[in-house]
Amino acid sequence: MYDFAYHKPSSIADAVKLLSEDPDAKPISGGMTLLPALKHRLNRPTALIDLSAIAELRGVKQEGGALVIGAMTKHVEVATNPLVLGAIPALAKMAASIGDTQVRNRGTLGGSLANNDPAADYPAAALALGASFITDRRSIPADDFFQGMFTTALEPGELLIAVSFPIPEKAGYAKLRNPASRYAMAGVFVAKGGQGVRVAVNGAGPCVFRQPEMEAALAANWSPEAVAGIHQSPDDLNSDIHGSAEYRAHLVTVMAKRAVAAA
Ligand SMILES: Cc1cc2nc3c(=O)[nH]c(=O)nc-3n(C[C@H](O)[C@H](O)[C@H](O)COP(=O)(O)OP(=O)(O)OC[C@H]3O[C@@H](n4cnc5c(N)ncnc54)[C@H](O)[C@@H]3O)c2cc1C
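Computed from a predicted structure; not experimentally measured.

Draft legend 1. Quick peek at the overall build of the protein. When you go through the protein residue by residue, the secondary structure sums to twelve helices and 14 strands. Against the globule reference of 18 Å for 263 residues, the protein gives a C-alpha radius of gyration of 18 Å, in line with a compact fold. Principal-axis analysis of the C-alpha atoms places the extent of the protein at approximately 55 × 45 × 30 Å. Among the 263 residues that make up the protein, the fraction classed as buried is 45%. Restricting the contact set of the protein to residue pairs at least 6 apart, pairs at least 24 apart contribute 61%.

Draft legend 2. Spatial organisation of the nonpolar core. Of all hydrophobic cores here, the largest spans 79 residues; its most connected members are A125, A128, V188, F189, V190, A256 and A259. Counting residues per element, this core draws most heavily on strand 12 (residues 184–193), which supplies seven residues. Formed jointly, this core draws a minimum of three residues from each of two domains, domain 1 (1–51) and domain 2 (58–262). Residues in contact with A125, not counting those within four places in the same chain, are L91, M94, Y173 and F189.

Draft legend 3. Layout of the sheet that holds strand 1 (residues 5–7). Spatially, three strands are ordered 1-3-2 in an open sheet, and the strand pairing comes out parallel. Two strands lie at the open edges of the sheet, namely strand 1 and strand 2 (25–28), each paired on one side alone. Taken over all neighbouring pairs, the strand axes of this sheet differ in orientation by 25° on average, direction set aside. Inspection of the sheet shows strand 1 paired to strand 3 (residues 47–50) by three bridges, in the parallel sense. Its bridge partner being in strand 3, A5 is matched across the sheet by A47. Together, strand 1, strand 2 and strand 3 form the strand contacts of helix 1 (residues 12–21), whose direction differs from that of strand 2 by roughly 150°.

Draft legend 4. A look at the pairing of strand 6 (residues 132–135). Here strand 6 pairs with strand 7 (residues 139–141) via three bridges, running antiparallel. When the bridges of strand 7 are listed, S132 appears paired with P141. Turn length for the strand 6-strand 7 hairpin, with the two strands adjacent in sequence and antiparallel, is three residues. Sheet analysis places strand 6 next to strand 10 (residues 160–166), joined by four bridges and oriented antiparallel. Paired with S132 across the strands is S164, a residue of strand 10.

Draft legend 5. Main features of the pairing of strand 10. Within strand 10, six of the seven residues are buried, which leaves it mostly tucked inside the rest of the structure. Where strand 5 (residues 66–70) meets strand 10, five bridges bridge the pair, whose relative direction is antiparallel. What sits directly across from V68, in strand 10, is S164.

Draft legend 6. Molecular detail of the site of the ligand. Among the 32 residues in the neighbourhood of the ligand, the closest are listed as G30, M32, G99, G107 and G111. Elements that contribute at least two residues to the shell around the ligand include exactly strand 2, helix 6 (101–106) and helix 7 (109–115). With five residues, the top contributor of residues to the shell around the ligand is helix 7. Partitioned by chemical class, the residues of the shell around the ligand number 15 nonpolar, 13 polar and four charged.

Draft legend 7. View of the sheet that holds strand 7. On the basis of which strands lie adjacent, the open sheet formed by five strands has the order 4-5-10-6-7 and antiparallel pairing. Looking at strand neighbours, the two that pair on one side only are strand 4 (60–63) and strand 7, the edges of this open sheet. Taking the axes of each pair of neighbouring strands and ignoring which way they run, one obtains an average angle of 25° across the sheet.

Draft legend 8. Spatial organisation of unusual backbone geometry. Positive phi, normally seen in glycine, also occurs at R41, with a value near 60°. Examined against the element boundaries, R41 turns out to sit in the loop between helix 2 (34–39) and strand 3. Classification of R41 by C-beta neighbours within 10 Å gives exposed; the count is 9. Even without glycine at this site, D236 takes up a positive phi of about 70°. Tracing the backbone shows D236 in the loop between helix 11 (224–228) and helix 12 (245–262). Taking the C-beta count within 10 Å as the criterion, D236 has 10 such neighbours and is therefore assigned exposed.

Rules used throughout
- Residues numbered from 1 in each chain as written.
- Predicted model: local features only at pLDDT ≥ 70, side-chain atom pairs only at ≥ 80, totals over all residues.
- Helix = DSSP H or I, 4+ residues; strand = E, 2+ residues; numbered from the N terminus.
- Rg over C-alpha atoms; globule rule 2.2 N^0.38 Å.
- Buried ≥ 20, exposed ≤ 12 C-beta atoms within 10 Å, placed from the backbone.
- Contact = placed C-beta atoms within 7 Å.
- Core = buried A, V, L, I, M, F, W, Y, C linked by C-beta atoms within 7 Å.
- Domains from an automatic or database assignment.
- Pairing = 2+ DSSP bridges.
- Axes fitted to C-alpha atoms, helices over the stretch in contact; angles between N-to-C directions.
- Near = placed C-beta within 6 Å.
- Nonpolar A, V, L, I, M, F, W, Y, C, P; charged D, E, K, R; others polar.

Below, the structure is given as structure tokens:
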């Protein structure tokens, strides 16, 4: 680990100020990904801005037809929050499926989405639900947020404050877990709501993506059978020691059927 300065602000305004004063400073939420990266010297921030004392970054509230969840809200809090369980149970269930007890008690919604790991669960939920990303300077639609492997629309120093999830009529999620990490080998989140039918795939490719063929089929007939005959192309999917691109392509159809059945 390289040397760095450490700051623990107690307001969003102070965190934003600290980030704007140092272009090489980085926010840290639960540290589940960032700390191992620092230990392996894969990252060299000059300062860490610890967000854990900022109460206004945590919690869930309903605003009109959406749930707004603070960036520092932990996975366990999303999994057990009564508002989430009542309005978007698929999101609560998804959060409950992340990693293990330790990961869910430290990992945060904001850290997961800002990190945009291809196999993480939240990106699929945010993309399928048509979420909006609220930062210290703008609101970013989910369709513009995820830009590639570990890459998002967030600019250097831009702080993710909350994510607004429109409440869907129906939603469901299914993933095949990697038995070691519980990350998705392939996962599919389906949602039907004000933005129509949206289907997002995680784990299979280098970045979460929408599946337009499945969206059209489900818009015409919301049933597991509607997606059963749709085959995802293995072109551009991930191939690694855990599974080939062809295996992941097969999983996309299986997980889509299960997600619709769960919705
Ligand atoms: C063993 C293990 C198993 C896991 N299994 C799963 C799984 O099954 N599914 C899954 O989805 N995830 C899984 N994870 C990931 C975990 O859920 C964390 O959310 C993820 O590692 C990010 O960690 P964090 O939230 O602590 O963020 P950090 O590590 O603190 O930060 C991650 C990145 O986000 C940036 N960041 C953090 N907060 C903000 C903010 N508010 N604004 C802007 N940038 C910010 C940081 O600068 C950093 O670059 C697993 C992790 C581990 C270690």
